[in-house]
Each structure stands twice: as C-alpha cells, then as structure tokens.
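# Report on the structure
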Amino acid sequence: MSEPIRVAVIDYGAGNLVSIRNALTKLGAQVRVAETADQLDSAEVILVPGVGASEAAMGRLRRQGLEGPIIERVRGGTWFVGICLGLQLLFERSHEDGAQMLGLLEGEVEVIPDAPSLPHIGWNRLEIQRPHPVLEGLPDGTPA
C-alpha cells in the first residue's frame, strides 16, 4: 500500500478549511493546515483556498511569512493547487485591487467585463447547448 500524499492547506484567515480538509482526508490524503512556513516542510502539495480579495490575501501570506516559502517550494517542484482566489494568486498582479501576487505564472488577473455578478456564490442552471455523453440523463435547467 502506498503512502498517502501529504497536503498542506494554507490558512491565511479565509476559506472553508474544514470542508477542504475533510474532502482531502476522505480521498486518502494526509492533511496539515499550515499557518507557518515550517508547516510546509514535508508537503508534496500546497493547496491555497480562495475567498476574498487578492491584496488582503497576499498581506496575510506576507505577515505569516508564507509568501517566500510557497514560491521557493513551488519553484522546487512542490505541486500547487489553488481554489478560486488561490489560483489567481499564482499570477503577478491583480487588476481587482492592484495586488502584487506570487508571480509564479506570468500575467495579470483581470476583471471579467460584463460579468453577471461578482463574487458569484450559489447554483446556476444547466443550459445544454449540444448533446454530450457527460450530460446524458440531465435535463436542461438542472441545478449545477
């Protein structure tokens, strides 16, 4: 039997850490909620959840001393998983609030023009544009 993958879920004061930890644990991962750089040491995956604004999130990562260690670990080959804002933090800068972010990916995060509403929270309705095996048995209008 193989060893469980070691995941550090970054706690920067926002995000549903309990649900993320429970889901990963159910999938067989060994999960540590990390608030400090030393808690990243044995992680094979760094997961950054996402709620809030990029400037506030980056400010918390900097105050906790996590920005540099995350960048170093990812550049050294540790996998990075970002959820929503966590994924956006990979880029250099955010147009939302001018935040300087992790810079692990070249580019800037821009606001989607004419987006329905931001932040988007809740369910949508499925609007089937063309048949696909993945959609088999799902009627148009299904909550998604």
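Just above, that's the structure.
Structural notes, computed from the coordinates. (Residues numbered from 1 in each chain as written. Predicted model: local features only at pLDDT ≥ 70, side-chain atom pairs only at ≥ 80, totals over all residues. Heavy atoms only, no water.)

Quick look at the pairing of strand 3 (residues 45-48) now. On strand 3, burial covers both faces: Val 45 and Leu 47 on one face and Ile 46 and Val 48 on the other are all buried. Pairing of strand 1 (residues 6-10) with strand 3, which is carried by three bridges, proceeds in the parallel orientation. Looking across to strand 3, one finds that Ala 8 is bridged to Ile 46. With four bridges connecting them, strand 3 and strand 4 (residues 79-82) associate as parallel partners. Looking at strand 4, one finds that Ile 46 is bridged to Phe 80. (Buried < 20%, exposed > 50% of the residue type's maximum accessible area, 1.4 Å probe, protein only. Helix = DSSP H or I, 4+ residues; strand = E, 2+ residues; numbered from the N terminus. Pairing = 2+ DSSP bridges.)

Below, the discussion takes up the pattern of salt bridges. Taken as a whole and assessed by the stated rule, the structure comprises three salt bridges. One salt bridge connects Glu 44 with Arg 6, and the closest N-O pair in it is separated by 3.7 Å. Note that Glu 44 is positioned in the loop between strand 2 (30-34) and strand 3 and Arg 6 in strand 1, a separation of 38 residues in sequence. On the basis of relative accessible area, Arg 6 is assigned to the partly exposed category, the value being 31%. (Salt bridge = Lys/Arg side-chain N within 4 Å of Asp/Glu carboxyl O.)

Here Ser 54 shows up in helix 2 (residues 54-63). Residue Ser 54 is classed as buried on the basis of its relative accessible area of 0%. For Ser 54, the side chain forms a polar contact with the side chain of Asp 97, separated by 2.7 Å. Not counting residues within four places of it along the chain, the set of residues in contact with Ser 54 comprises Leu 85, Leu 89, Ser 94, Glu 96, Asp 97, Ala 99 and Met 101. (Polar contact = N/O pair within 3.5 Å; in protein donor to acceptor, adjacent residues only side chain to side chain. Contact = heavy atoms within 4.5 Å.)

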